[in-house]
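Coordinates in review
Now for the letters of each chain:
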Amino acid sequence: MRILIIGGTGTIGKAIAAALAPQHEVLVAARSGTANTVDIEMPESIRTLMARIGRVDAIVSAAGQAAFRPLPDLSDEDFALSLRSKMMGQVNVIRFGLAAVVDGGSITLTSGTLAQDPIIGGAAISLVNAGLEGFGRAAALEAPRRVRVNAVSPGWVTETLLANKMDPTAGTPAATVAHFYVQAIEGKMTGQTIVVRRAIAG
Ligand SMILES: NC(=O)c1ccc[n+]([C@@H]2O[C@H](COP(=O)([O-])OP(=O)(O)OC[C@H]3O[C@@H](n4cnc5c(N)ncnc54)[C@H](OP(=O)(O)O)[C@@H]3O)[C@@H](O)[C@H]2O)c1
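Here is a short report on the structure shown in this document. Quick caveat, the model's predicted, so the values are computed rather than measured.

**Let's talk about unusual backbone geometry**
Positive phi outside glycine occurs at arginine 145, with the angle close to 50 degrees. Its location among the elements puts arginine 145 in the loop between α4 (123–142) and β6 (148–154). Located in the positive-phi region is lysine 165, a residue other than glycine, with phi close to 55 degrees. Owing to a relative accessible area of 77%, lysine 165 belongs among the exposed residues under this scheme.

Pasting the structure below:
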């Protein structure tokens, strides 16, 4: 398959690319560090990327920012960034990506378990994650030509916890998280959110 990974230079995206590379042709897109530049905050940038890459069997989005801050401290700009980047960015990947995907192909978004399990400081992230999961289910119903739409909802990724000097035992390795994206791409599921809970040792 020919697979576009938006955010393919990031912690999760790199692991998805590594998991897919042996079997598939992988195109990596991000704002920097790749020939396929795109900024999902800008609709025209997504349209330009889709026009440039042509047909693909699958699109994965593992990109988008959202603000982590306690509710009383969340500013208008924190909400605007979260909605513009992680939420509308990925909504627009579906809107402008559908036509690029072959019949029966797939688009897989990234939400996050704060949609299911809120924590202090995560309100804006819970908002966009839950919105993305709802949109993904609805988009799956209306997607043309049997194109499948799913979301992967990761919990903390081990590498991210380590990078932030946090206890890594609460995390799931990026390579394990990537496996669920591969399932969404290679399987038959549609309209699903795959929730990745903490890896169980042993
Ligand atoms: N890591 C975790 O523990 C975790 C847990 C749950 C959910 N998530 C979600 O998973 C997604 C990926 O997380 P991550 O940890 O892999 O992040 P990351 O390491 O910061 O990587 C983000 C990737 O997305 C790209 N990107 C960021 N903003 C973009 C934009 N506006 N347009 C295009 N590309 C953009 C980055 O490249 P450029 O900066 O060059 O554009 C990079 O390739 C995020 O939405 C995050 O909220 C992560």
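**Notes on the packing of aromatic side chains**
Inspection of the entire model under this criterion finds zero aromatic pairs. Its end group placed over the ring of phenylalanine 96, arginine 47 keeps NZ or CZ at 4.2 Å from the ring centre.

**Focus on the site of the ligand**
Taken together, 24 residues sit near the ligand, with Thr9, Ile12, Arg31, Ser32 and Thr160 positioned nearest. Within the backbone of threonine 11, a nitrogen or oxygen atom sits 2.9 Å from an oxygen atom of the ligand. Between an oxygen atom of the ligand and a side-chain N or O atom of lysine 86, the distance comes to 2.9 Å. Coverage of the ligand by the protein amounts to 80% of the 880 Å² it exposes when considered alone. Here the shell around the ligand is built from residues that sort into nine nonpolar, 11 polar and four charged.

**Thoughts on the packing of helix α1 (residues 11–20) against helix α6 (residues 174–186)**
Following both chains from N to C, one finds α1 and α6 inclined at 60 degrees, their axes separated by 8 Å at the closest point. The pairing of α1 with α6 is recorded here as oblique in orientation. α6 is crossed by α1, and the crossing has right-handed handedness. Contact with α1, carried on its side by Thr11, Ile12, Ala15, Ile16, Ala19 and Leu20, involves Ala174, Ala175, Val177, Ala178, Tyr181, Val182 and Ile185 of α6 and no other residues of that element. The class makeup of the residues in the contact of α1 with α6 is 12 nonpolar, one polar and no charged.

**Some points on the pattern of salt bridges**
It is possible for side chains of opposite charge to pair when their charged atoms get near one another. Applying the stated criterion to the full structure yields seven salt bridges. Note that arginine 47 is salt-bridged to glutamate 44, the shortest N-O span being 3.0 Å. Placement of the pair is arginine 47 and glutamate 44 together in helix α2 (residues 43–53), with a separation of three residues, close to one helical turn. Judged by its relative accessible area of 40%, arginine 47 falls in the partly exposed class. In this structure, the salt-bridge partner of arginine 197 is aspartate 117, at a minimum N-O distance of 2.4 Å. Taken together, the positions of arginine 197 in the segment after β7 (193–196) and aspartate 117 in the loop between β5 (101–110) and α4 put the pair 80 residues apart, joining distant regions of the chain.

**Examining a nonpolar patch on the surface**
Together, Phe68, Ile119, Trp156 and Met166 make up a nonpolar patch on the protein surface, roughly 380 Å² of accessible area in all. Take isoleucine 119: it is sitting in the loop between β5 and α4. Under the relative-accessibility criterion, isoleucine 119 is labelled partly exposed at 38%.

Calculation rules
- Residues numbered from 1 in each chain as written.
- Predicted model: local features only at pLDDT ≥ 70, side-chain atom pairs only at ≥ 80, totals over all residues.
- Heavy atoms only, no water.
- Helix = DSSP H or I, 4+ residues; strand = E, 2+ residues; numbered from the N terminus.
- Buried < 20%, exposed > 50% of the residue type's maximum accessible area, 1.4 Å probe, protein only.
- Phe/Tyr/Trp six-rings, centres within 6.5 Å; stacked < 30°, edge-to-face > 60°.
- Lys NZ or Arg CZ within 6 Å of the ring centre and 35° of its normal.
- Near = heavy atom within 4 Å.
- Polar contact = N/O pair within 3.5 Å; in protein donor to acceptor, adjacent residues only side chain to side chain.
- Areas by Shrake-Rupley, 256 points an atom, 1.4 Å probe, with all protein chains shown as cover.
- Nonpolar A, V, L, I, M, F, W, Y, C, P; charged D, E, K, R; others polar.
- Axes fitted to C-alpha atoms, helices over the stretch in contact; angles between N-to-C directions.
- Parallel < 35°, antiparallel > 145°, perpendicular 65-115°, else oblique.
- Left-handed = near helix turned anticlockwise from the far one by under 90°.
- Contact = heavy atoms within 4.5 Å.
- Salt bridge = Lys/Arg side-chain N within 4 Å of Asp/Glu carboxyl O.
- Patch = residues over 30% accessible without salt bridge, like charges linked within 9 Å, V, L, I, M, F, W, Y side chains within 5 Å.

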